[in-house]
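# Understanding the architecture of this molecule
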Amino acid sequence: MQHHLPLITASRVRAFQRCPRYHHIRYNLGYRTTERAAPLAFGSLFHRALEAWWTAADGPRIEAALEQLDREVDSDPYDLARAQALIEGYDIRWSDAGLTPELVEATFELPLTNPQTGAASRTYRLAGKVDAIVRSGPQLWLLEHKTTSETITPGSAYWAKLRMDNQVSMYLNGAEALGRPVSGCIYDVIGKPTLRPYKATPPEVRKYKKDGSLYANQREEDETPEAYLSRLRWDISENPDRYYQRAEVVRIGDELQEFDWELWQTARAIRDAEIAARHPRNPNACFQWQRPCDYFDVCSGSASLDDVSRFVHETDPHPELQEEHQ
Ligand code: SF4
């Protein structure tokens, strides 16, 4: 087996599908931004709390998760409040769900195979990191955490889209490569709080009543992280279904084959772009997720990848496979 081959990961596939130029800068040239966008910073903060919850060896899991958050001293205090409220609600919702972790954050590598011939690619290998493999009675399941700002109630568009997620077929094979063949995947979906901390009303628009107090919808000071935490806890306890959903997805043969083809074709397209040294831009993706792409200023000509205050060059294009936390 050729273990030195470049790796294809689910993130790399998504990057190429999003924009070939983005993929080129990130994976071929190896540049990342020095700053992580706020939603990503919160996502990885919460992911670390979740990992601590799942790996807690003994004692209440919530304590391990909160201890992890206590160590995150450099994080934004409002992000910490959101992560705390969310992991506390997660603990209440799922600690008695009967799932026992067998593996947490395990990295796998396996051949990329041609779905027609079954032959292994001589150009790429597949790699990824499963969130967890859990036991439920006699069966093992892959458990994948997803955090999203979208509506996650059953029947929503989010679940329909998740059924097309080609990551899961790769991960089902990954579980087998880790010696834990699974019955399917449990998606553990967590809705990100959309409540924002209250901000002080700008002085120039403040209106006072006769008794000198401010009008009810105005405030003199920003909401404190503690008050924000209480408000989030209340909202989560009132609407748990909006924040926590799980569903089992069992892939049938045809679906798996379709995913294998999608993966193979995308890998070929990545290779073709590399050979042609052409990496088209996709302007429709520049403002995906309501924020500019990390490389927007580079593509639009107002910044350079050589600017070390903004971009860092990495020799390993897949640091998330090595890091303890994703
Ligand atoms: S700014 Fe737009 S064109 Fe450039 S890499 Fe990002 S998504 Fe692609």
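Conventions we followed
Residues numbered from 1 in each chain as written. Predicted model: local features only at pLDDT ≥ 70, side-chain atom pairs only at ≥ 80, totals over all residues. Heavy atoms only, no water. Salt bridge = Lys/Arg side-chain N within 4 Å of Asp/Glu carboxyl O. Helix = DSSP H or I, 4+ residues; strand = E, 2+ residues; numbered from the N terminus. Buried < 20%, exposed > 50% of the residue type's maximum accessible area, 1.4 Å probe, protein only. Pairing = 2+ DSSP bridges. Contact = heavy atoms within 4.5 Å. Axes fitted to C-alpha atoms, helices over the stretch in contact; angles between N-to-C directions. Parallel < 35°, antiparallel > 145°, perpendicular 65-115°, else oblique. Nonpolar A, V, L, I, M, F, W, Y, C, P; charged D, E, K, R; others polar. Polar contact = N/O pair within 3.5 Å; in protein donor to acceptor, adjacent residues only side chain to side chain.

Once that is clear, we can look at the pattern of salt bridges. Taken as a whole, this structure holds 15 salt bridges when the rule is applied. Linking Arg-93 and Asp-241 is a salt bridge whose minimum nitrogen-to-oxygen distance equals 3.1 Å. Linking Arg-93 in helix α5 (residues 77-94) with Asp-241 in helix α9 (residues 240-243), this pair joins segments that are 148 residues apart in sequence. The salt bridge involving Arg-231 is made with Glu-223; its shortest N-O contact spans 2.7 Å. Residue classification places Glu-223 among the buried residues on the basis of a relative accessible area of 4%.

We now examine the pairing of strand β6 (residues 185-191). Every other side chain in a regular strand lies on the same face of the sheet, so the side chains alternate between the two faces. Taken across its seven residues, β6 has seven buried, putting it largely inside the fold. Taking every second residue as pointing to the same face, both faces of β6 are buried, with Cys-185, Tyr-187, Val-189 and Gly-191 on one and Ile-186, Asp-188 and Ile-190 on the other. With six bridges connecting them, β6 and strand β7 (residues 244-249) associate as antiparallel partners. In the strand pairing of β7, Asp-188 is matched with Arg-246.

If you trace the backbone, Ser-169 turns up in helix α7 (residues 167-177). Along the sequence, Ser-169 and Leu-256 sit 87 residues apart, while their C-alpha atoms lie 6.2 Å from each other. In this view, Ser-169 contacts Leu-256 and Phe-259; residues no more than four positions away in its chain are not counted.

Right, let's get into the side chain of Asn-114. Among the structural elements, Asn-114 can be located in the loop between β3 (100-113) and β4 (120-136). Every residue in contact with Asn-114, bar those within four places of it in the chain, is listed here: Ala-119 and Trp-264.

Another aspect to go through is the packing of helix α4 (residues 61-71) against α5. Close contact between α4 and α5 brings their axes to 10 Å; oriented N to C, the two are set at 170 degrees. Taken together, the axis directions place α4 and α5 in an arrangement best described as roughly antiparallel. Between α4 and α5, the contacting residues are Arg-61, Ile-62, Ala-65, Leu-66 and Leu-69 on the first element and Leu-80, Ala-83, Gln-84, Ile-87, Glu-88 and Asp-91 on the second. Residues that form the contact of α4 with α5 fall into these classes: seven nonpolar, one polar and three charged.

Attention now goes to unusual backbone geometry. The phi torsion at Glu-105 lies on the positive side, around 50 degrees, for a residue other than glycine. Position of Glu-105 relative to the elements: it lies in strand β3. Residue Glu-105 is classed as buried on the basis of its relative accessible area of 11%.

Looking now at the environment of Glu-220. In this structure, Glu-220 sits in the loop between β6 and α8 (225-238). Measuring from C-alpha to C-alpha, the distance between Glu-220 and Pro-203 comes to 8.1 Å, with 17 residues separating the pair along the chain. In this structure Glu-220 touches Ala-200, Arg-206, Tyr-208 and Leu-214, once residues within four positions along its chain are discounted. At 3.2 Å, the side chain of Glu-220 forms a polar contact with the side chain of Tyr-208.

Worth remembering: the numbers are spatial, not functional.
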